Amino acid sequence: MRPLESARPYALTAFRIALGLVIFSFGTAKILHFHPGNFTPPVGSLPWVAGLIELIAGFLFLVGFQTRAAAFVLSGLMAAAYFTSHFPKSFFPTENGGYAAAVFCFAFLYFVTAGGGYLSLDRTLRTKAA
């Protein structure tokens, strides 16, 4: 178990980067129209505002700057997405299509408590300040 335990900070960093890339890509699709797929929301609409949050907070989360605050905002965004778009259809994520929003919500909530991991700007700035 010791080798696994010593890999934890790096695994946390890898998880943060992977999760950050996914949420950041949602923002780039909605706001910058970079690989938008079939959905490009109108400017100023609720999905567009969500995309702006995904773009900005997603980038901060990706690089590990103000990770806990960005994760808190993103967790709330995913909870709001679940309850406004999916929950009215059904309580169960398998029936309402909200499984991604539910998982993202709790994954980001984990980072509110865990921080950005070993390779993050938060850690680098904290180390330089000390």
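The structure under discussion appears in the preceding block.
Rules of the game
Residues numbered from 1 in each chain as written. Predicted model: local features only at pLDDT ≥ 70, side-chain atom pairs only at ≥ 80, totals over all residues. Heavy atoms only, no water. Patch = residues over 30% accessible without salt bridge, like charges linked within 9 Å, V, L, I, M, F, W, Y side chains within 5 Å. Areas by Shrake-Rupley, 256 points an atom, 1.4 Å probe, with all protein chains shown as cover. Salt bridge = Lys/Arg side-chain N within 4 Å of Asp/Glu carboxyl O. Helix = DSSP H or I, 4+ residues; strand = E, 2+ residues; numbered from the N terminus. Buried < 20%, exposed > 50% of the residue type's maximum accessible area, 1.4 Å probe, protein only. Contact = heavy atoms within 4.5 Å. Expected span 1.5 Å × (residues − 1). Arc of directions from axis to C-beta.

1. Digging into a nonpolar patch on the surface
Among the surface-exposed residues, F83, F87, F91 and F92 lie close enough to one another that they form a single nonpolar patch of about 450 Å² accessible area. Take F92: it is sitting in the loop between α4 (67-86) and α5 (93-96). Using a relative accessible area of 46% as the deciding quantity, one classes F92 as partly exposed.

2. A word on the environment of G58
Relative to the helices and strands, G58 resides in helix α3 (residues 46-63). The exposure class assigned to G58 is buried, which follows from its relative accessible area of 0%. For the pair formed by G58 and L119, sequence separation is 61 residues and the distance between their alpha carbons is 16 Å. Setting aside residues up to four positions removed in sequence, G58 forms contacts with G20, I23, F24, I53 and L74.

3. A few points about α4
Between the first and last C-alpha of α4 there are 27 Å, a value that for 20 residues agrees with the 28 Å anticipated at 1.5 Å per step. Every buried residue of α4 is listed here: T67, A70, A71, L74, S75, L77, M78, Y82 and H86. Buried residues along α4 cover an arc of 160° about the axis, so they all sit on one side. Turned more than 90 degrees away from the buried face of α4 sit F72, F83 and T84, all of them exposed.

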